[in-house]
Amino acid sequence: MEKQEAKIEYNNNEFFFFQHSFKTALEHANDFIARNKGKFEMKLFILGSNYGQQWKLIEVCKK
């Protein structure tokens, strides 16, 4: 299985997520989005070998 990382950018901050505790990085990031939806705009990125080890924007959550 490919190592997966995700990050969320909001209010000029970056918050990183990694796979652990039987959840993928993307599941952890989606949980964060669900808890904070409507508080601020968030951009969700994932990093993986499928994207040449570069961050790929996959979702923008509006405030």
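Residues numbered from 1 in each chain as written. Predicted model: local features only at pLDDT ≥ 70, side-chain atom pairs only at ≥ 80, totals over all residues. Heavy atoms only, no water.

Novice: In this structure, what is going on with the side chain of Lys 7? I would like to understand it.
Specialist: Considering the arrangement of structural elements, one finds Lys 7 in strand β1 (residues 5–10). One polar contact links Lys 7 to Glu 9, side chain to side chain, over a distance of 3.2 Å. Not counting residues within four places of it along the chain, the set of residues in contact with Lys 7 comprises Glu 14, Phe 15, Phe 16, Phe 17, Lys 43, Leu 44, Phe 45 and Trp 55. (Helix = DSSP H or I, 4+ residues; strand = E, 2+ residues; numbered from the N terminus. Polar contact = N/O pair within 3.5 Å; in protein donor to acceptor, adjacent residues only side chain to side chain. Contact = heavy atoms within 4.5 Å.)

Novice: Can you help me understand the packing of aromatic side chains in this one?
Specialist: What describes a pair of aromatic rings is the distance from one ring centre to the other and the angle between the planes of the rings. Within the structure shown, the criterion is met by 6 aromatic pairs. Ring geometry for Phe 15 versus Phe 32: centroids 5.1 Å apart, planes at 15 degrees, classification stacked. A residue pair is termed long-range when its members are at least 10 positions apart, and Phe 15 in strand β2 (residues 13–18) and Phe 32 in helix α1 (residues 25–36) qualify at 17 residues. With relative accessibility at 8%, the residue Phe 32 sits in the buried group. For the ring pair Phe 16 and Trp 55, a centre distance of 5.9 Å and an interplane angle of 55 degrees mean the geometry is tilted. Highlighted residues: Phe 16 in strand β2 and Trp 55 in strand β4 (residues 54–61), separated in sequence by 39 residues. The class for Phe 16 is partly exposed, based on a relative accessible area of 37%. For Trp 55, a relative accessible area of 29% translates into the label partly exposed. (Phe/Tyr/Trp six-rings, centres within 6.5 Å; stacked < 30°, edge-to-face > 60°. Buried < 20%, exposed > 50% of the residue type's maximum accessible area, 1.4 Å probe, protein only.)

Novice: I would appreciate a short explanation of the sheet that holds β4 in the present structure.
Specialist: Sheet strands line up and pair through hydrogen bonds in the backbone, either parallel or antiparallel. Here 4 strands make up an open sheet; going across it, the order is β2-β1-β3-β4 and the pairing antiparallel. At either margin of the open sheet sits one strand with a lone partner, and together these are β2 and β4. Recorded for the sheet is a direction-independent mean angle of 25 degrees between the axes of neighbouring strands. Where β1 and strand β3 (residues 42–48) come together, 5 bridges link them in antiparallel fashion. Of the residues in β3, the one forming a bridge with Ala 6 is Ile 46. (Pairing = 2+ DSSP bridges. Axes fitted to C-alpha atoms, helices over the stretch in contact; angles between N-to-C directions.)

Novice: I tried to follow the pairing of β3 on my own but got confused; where do I start?
Specialist: Every other side chain in a regular strand lies on the same face of the sheet, so the side chains alternate between the two faces. Counting buried positions along β3 yields 6 of 7 residues, so the element is predominantly enclosed. Taken together, the 7 bridges between β3 and β4 define a ladder with antiparallel strand orientation. Bridging across to β4, Leu 47 finds its partner in Trp 55.

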